[in-house]
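Each chain, written out:
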Amino acid sequence: MHLHKFEKIWLIFGIAMLAVFLGIVGVQAFTQGQTPAGGLEKIDPEKVDVTAPFDDPGVHQIDDDTYEVVIKAMAYGYEPSEIKVPAGKEIIFKLTSKDVIHSFTIPNTKVNMMVVPGQINEKRYTFKEPGTFLILCNEYCGTGHHFMHTEIEVIEQ
Amino acid sequence: MKNNKNPHEADLRGTLISVLVVGVLIAVMWAAVYAMYVAL
Amino acid sequence: MILHSERGPLAGRQTSSAVAGAAAASERKLALWNIGFAYTAFLVGTFCGLIQVFMRNEMIELPAWLDYYQVLTVHGVTLALVYTTFFIYAFLITGMSKALGSFGPKVARWSWIGFFVAAGGTVWATIEILSGRASVLYTFYAPLKASGWFYVSLALLIVGTWIISFALIAHYVKWRKANAGVLSPLFAFMTISTLTMWIIACLGVVAAVVFMYIPWAFGWVETINVGLSRTLFWFFGHPLVYFWLLPAYMAWYLVIPKLVGTKVFSDSLARLSFLLFILFSIPVGLHHQLTEPGVAEFWKFLQVTLTFMVVIPTLMTAFSLFATFEISGRQKGAKGLLGWFGKLPWNDIRFTSLFIAMVFFIPGGAGGIINTSFQLNEMVHNTLWVVGHFHITVGTPVAMTFMGISFWLIPYLTGRTLTKTTKKLAFVQIISWSVGMLFMSTAQHVLGLLGAPRRTQHSNYSDHPTVLGWFDGFFSNTATLALGGIILFFSAMLLMVIVFRLWLIDPRSEEGDFYAEFPVAESDASATPMWLENWWIWIGIAVALILLAYTFPITHMIQDAPPGSKGFINW
């Protein structure tokens, strides 16, 4: 097997480029905690309403700079449907589903989470500006899928 | 086979330029989306 | 080490085979049945596509017995699964018959059986979807529960493809035994690589359907492990896209050099790139599950890294293709750095279609790298961006390559010729597809970045301002998406006319007709090492990589599983 000199140059360039992409996202993810939504906690999908923290859904302040937002997703909505959080503070979204797979997606932010029954998904995000953001489900969940949405109000702190 | 038709000795300057342009296009697209992500 | 085959493999077979490199009549018939089935699906699927773009713009309303999601499911199944799969087998059957000689009676019989099993499964699945028993989209994520027979019909489709695959493999094994110590023709090698990858990949979805979905849907067990079912699906789902892509690569590696009048750039590198696809296309499925719980970050990132590896054979392919163009152009007297570009056979529709297909794969591939870039996936996951992405990967590079193949494969099989009129129609068809796709996919990419969801019927989301941004501007506009879709539908109908002409109307070809041949370039395998064709080495490494990437996540999902989910029928 023989590689043309120019093909060597191209492969070195291409592989270096891929390594740089991977390096950038890897370093950003694991040193700054900028990982996509995830989590290993589980829950009985039949008993969501009586299992902590989903027995008390809503916004909870954890400390001065951190808020926890616990939300249950179901066809075709979110509970609670009114969510108000401060800008500039870290928000920890915790979601699970009472029925099928949904998503919890806030366009124009980094919040785009799959909501899977039996599991708890978690995402940390800090809103930079106040405003009213749209929340929608972008994973097909049935004939009413396109009606599944709500809003989150981000207020000045 | 070692005659002058051997592609390993062919003049491939145009090929190198072309693939590098493709590579740069990929890098630009990636960097643009990365910049948008960081700005969110 | 024995490094060579004396004869250029394809040329060698042509002189030593009684059929002189032409596919035998029985294989032609089988290939035509596959193509006919593929284009029937294409007709149904593109019509569903048109309905969707109208609905996204609220231009039409469906009758009560049909909803958007059924139309969407049929669109995805008929185009992404049926058109591709049946066309691929038509191409592989014809090429294997040409490259290795005509099929024996057993290979022929099993290929037919495989075709009818796969076709039967497909028709059955379509009936289940249209009758409203399976509005689960073609990813059929649990715990949405379709009728048990839907999953049985899907299993039949897969089993059918396995039967044809093993028949083709048997044909190859027989040839290897009769030609010991010789590398197989490149077409056969690439076919076997593609089928090997396909058979391994299907193990995931077969396990999920047979052991999880079917017992659950028929009520033999009450619940299903949702996370595990998704992971097994994506074990299959990602290599599925390479199953579409590799036959297109075969045309790029083998047909293109023939059309530009040169040889395959490097036989050994062509083989190596296909082997790398066997290794790296499978242990990467978790990059479809980056934003979900149940998998530790380390394992997600490991599979992201492996996904980056699968870019490398494509980088190799890009170089080979440009080198083929440049060598051909310089042989024709091109001067300067880029003079060879003008020497390419632009008025040959078989070439131009494949060239445009490749050009679309540049942003398509770049988008793929973005999708798999770990946290960047949050920007695009389940948005219209992804829809744009697969329309400029499978929807154009793959589909347009299959169109370009159709322009000579159908005449080759029916013994007709591509007339001047048909050729003109073909140019209009290819160009209109390109223009339509440019509008549609660019709009989809932009709308996706603006957060517009995929797989979602039009909704104004209580008139939230974010939604207004999806109907404003040029490319950030759902209307532009629809415009592209309408042009694409026109192009698709034109393609049906072309297929019809090539099949039934155009005149019989004459001896030596340029447009009625199966163009396969010579490939000089004299410097290609034999170990490249030792399949057990490559299957062994592929299995090792799969075990590395999946053992821990899957074991975790089984041993540490949450209580399962009952089924839901939300339609």
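Throughout this description, residue numbers start from 1 for each chain and increase along the sequence as written. Just so you know, chain letters begin at A and ligand numbers begin at 1, following the order they were written in. Confidence filtering applies because this is a predicted model: local features only for residues at pLDDT of at least 70, side-chain atom pairs given and counted only at 80 or more, and all residues used for totals across whole chains, interfaces and linings. With hydrogens and water stripped out, all remaining heavy atoms of the structure feed into the side-chain values.

Moving on to the overall build of chain C. Where helices and strands are cited, they refer to DSSP runs of H or I of at least four residues and of E of at least two residues respectively, numbered from the N terminus. Helix and strand counts for chain C stand at 18 helices and zero strands. Here the C-alpha radius of gyration of chain C, 23 Å, is about what a compact globule of 571 residues would show, namely 25 Å. With the C-alpha coordinates aligned to their principal axes, the bounding extent of chain C is approximately 65 × 50 × 45 Å. In chain C, buried positions account for 68% of the 571 residues. A fraction of 85% describes how many contacts in chain C between residues 6 or more apart in sequence connect residues 24 or more apart. Carbon and sulfur atoms form 70% of the exposed surface of chain C, whose accessible area is close to 18,800 Å². The sign given to each residue is positive for Lys and Arg and negative for Asp and Glu; His and the chain ends receive no count. Charge positions are represented by NZ for Lys, CZ for Arg, CG for Asp and CD for Glu. A gap of 9 Å separates the mean positions of the 32 positive and 24 negative side-chain charges of chain C. Our radius of gyration looks at C-alpha atoms and nothing else; its globule reference is 2.2 Å times the residue count to the power 0.38. Partly exposed describes any residue whose relative accessible area lies between the buried limit of under 20% and the exposed limit of over 50%, with all areas from a 1.4 Å probe on protein chains only and scaled to the type maximum. Here, residues are in contact when the closest pair of their heavy atoms is within 4.5 Å. Only the protein chains shown count as cover for residues, and all accessible areas are computed by the Shrake-Rupley method using a 1.4 Å probe.

A few words now on the interface of chain B and chain A. Counting residues at the interface gives 19 residues for chain B, matched by 18 residues for chain A. Buried area counts how much accessible surface, traced with a 1.4 Å probe, disappears from two parts once they are put together, with both parts' losses summed. The junction of chain B with chain A conceals about 1,700 Å² of combined surface from both sides, 74% of it contributed by carbon and sulfur atoms. Any carboxyl oxygen of Asp or Glu within 4 Å of a side-chain nitrogen of Lys or Arg constitutes a salt bridge here. Linking chain B with chain A are zero salt bridges. Think of a polar contact as two N or O atoms within 3.5 Å of one another; within protein, one of them needs to be a possible hydrogen donor and the other a possible acceptor, and neighboring residues in sequence only count if both atoms come from side chains. Where chain B touches chain A, the interface holds three residue pairs in polar contact (both at pLDDT 80 or more).

In this structure, the amide linkage connecting A52 of chain A to the following residue, P53 of chain A, adopts the cis form with an omega of 0°. The omega torsion across E79 of chain A and P80 of chain A is 0°, close enough to zero to call that bond cis. Within the secondary structure, P80 of chain A sits in the loop between β3 (77-79) and β4 (82-86). Located in the positive-phi region is E58 of chain C, a residue other than glycine, with phi close to 55°. Relative to the assigned elements, E58 of chain C resides in the loop between α2 (25-56) and α3 (68-100). Its identity is not glycine, yet D463 of chain C carries a phi of approximately 55°, on the positive side.

Here a Phe, Tyr or Trp ring, Trp counted by its six-membered ring, pairs with any other such ring whose centre lies within 6.5 Å, and the pair is stacked when the planes are under 30 degrees apart, edge-to-face when over 60, and tilted otherwise. Under the criterion given, the structure shown has 80 aromatic pairs over all chains. By way of ring pairs, the aromatic residues Y89, F140, Y141, F150, Y151, W198, Y213, W216, F233, W234, F236 and F243 of chain C are connected into one cluster. Taking NZ or CZ as reference, K110 of chain A lies 4.6 Å from the ring centre of Y37 of chain B, over its face. Its guanidinium or amino end placed over the ring of F189 of chain C, R271 of chain C lies 4.9 Å from that ring's centre, counting from NZ or CZ. Charges are assigned to positions over rings by a cutoff of 6 Å between ring centre and Lys NZ or Arg CZ, combined with an angular limit of 35 degrees from the ring normal.

Another point: the UniProt feature "domain: Cytochrome oxidase subunit I profile" (unreviewed entry) in chain C. UniProt positions are given in the numbering used here, feature names are shortened, and annotations may be inferred rather than shown by experiment. Sequence positions flagged by UniProt for "domain: Cytochrome oxidase subunit I profile" (unreviewed entry) are, in local numbering, residues 37-522 of chain C. As annotated, residues 37-522 of chain C comprises 70% helix and 0% strand, and the C-alpha atoms at either end are separated by 31 Å.

Bringing the interface of chain A and chain C into the picture now. Counting residues at the interface gives 65 residues for chain A and 71 residues for chain C. Counting each side, the surface lost to burial between chain A and chain C is near 5,700 Å², with a carbon and sulfur contribution of 65%. The largest per-residue losses of area from chain A upon contact with chain C belong to M1, Y140 and H146 of chain A, which jointly make up 14% of the total buried on that side. Inspection of the region where chain A meets chain C yields four salt bridges. Two residues, E46 of chain A and K566 of chain C, come together in a salt bridge whose shortest N-O distance is 3.3 Å. For the interface between chain A and chain C, the tally reads 29 residue pairs in polar contact (both at pLDDT 80 or more). Residue contributions to the side of chain A that touches chain C peak at 14 residues, all from helix α1 (residues 5-32) of chain A. When residue character is reported, Ala, Val, Leu, Ile, Met, Phe, Trp, Tyr, Cys and Pro are called nonpolar, Asp, Glu, Lys and Arg charged, and the others, Gly included, polar. A per-class count over the side of chain A that touches chain C returns 34 nonpolar, 21 polar and ten charged.

With that out of the way, let us pick up the UniProt feature "transmembrane region" (unreviewed entry) in chain B. The UniProt feature table records "transmembrane region" (unreviewed entry) at residues 12-37 of chain B. Each end of residues 12-37 of chain B is marked by a C-alpha atom, and these two atoms are 38 Å apart; helix forms 96% of the span and strand 0%.

Residues and elements named next belong to chain C. Compared with an ideal rise of 1.5 Å per residue, which puts 21 residues at 30 Å, helix α10 (residues 311-331) spans 30 Å between its outermost C-alpha atoms and is within 8% of the ideal. Among the 21 residues of α10, 17 are classified as buried, and the element is accordingly described as predominantly covered. One or two positions beyond α10, positive phi appears at G333, with a value near 95°. Expected helix span is given by 1.5 Å per residue-to-residue step, counting one fewer step than there are residues.

Another point: the pattern of salt bridges. In this structure the tally under the stated criterion is 23 salt bridges over all chains. A salt bridge links R455 of chain C to E139 of chain A, with the shortest nitrogen-to-oxygen separation between them at 3.7 Å. Of this pair, R455 of chain C sits in the loop between α15 (420-449) and α16 (465-468) while E139 of chain A sits in the loop between β9 (131-136) and β10 (149-155), on two different chains. The exposure class assigned to R455 of chain C is buried, which follows from its relative accessible area of 8%. Assessed through its relative accessible area of 2%, E139 of chain A is described here as buried. A salt bridge links R350 of chain C to D348 of chain C, with the shortest nitrogen-to-oxygen separation between them at 3.0 Å. In terms of burial, R350 of chain C and D348 of chain C fall into one category: buried. One salt-bridge network, in which partners are shared between bridges, spans D49, K72, E79 and K98 of chain A.

All names here are of chain A. Core analysis: the largest hydrophobic core is formed by 272 residues, its most contacted members being F93 and F104. Start and end points for every domain follow an automatic or database-based domain assignment. In terms of domain composition, this core takes at least three residues from each of domain 1 (1-35) and domain 2 (45-155). In this structure, F104 is in contact with I71, Y78, F93, L95, V111, N112, M113, V115, I135 and L136, ignoring residues within four places of it in sequence. For the purposes of this section, nonpolar cores are sets of buried Ala, Val, Leu, Ile, Met, Phe, Trp, Tyr and Cys residues that join through side-chain atoms within 4.5 Å. By size, the runner-up hydrophobic cluster in this structure holds five residues, among which are I43, F54, V70 and I120.

What follows deals with the pairing of strand β1 (residues 58-63) of chain A. All names here are of chain A. One bridge is not enough; two strands pair if DSSP finds at least two bridges between them. When β1 meets strand β2 (residues 66-74), the two strands line up antiparallel, connected through five bridges. Bridge pairing links V59 to V69 in β2. Hairpin connection from β1 to β2: two residues lie between these consecutive antiparallel strands.

Scored by pLDDT, chain C comes out at a mean of 93, with 96% of its residues at no less than 70. Values of pLDDT, which run from 0 to 100, indicate the predictor's confidence residue by residue. A low-confidence stretch, residues 1-20 of chain C (pLDDT under 50), is modelled with 40 contacts involving residues beyond four sequence positions or located in other chains.

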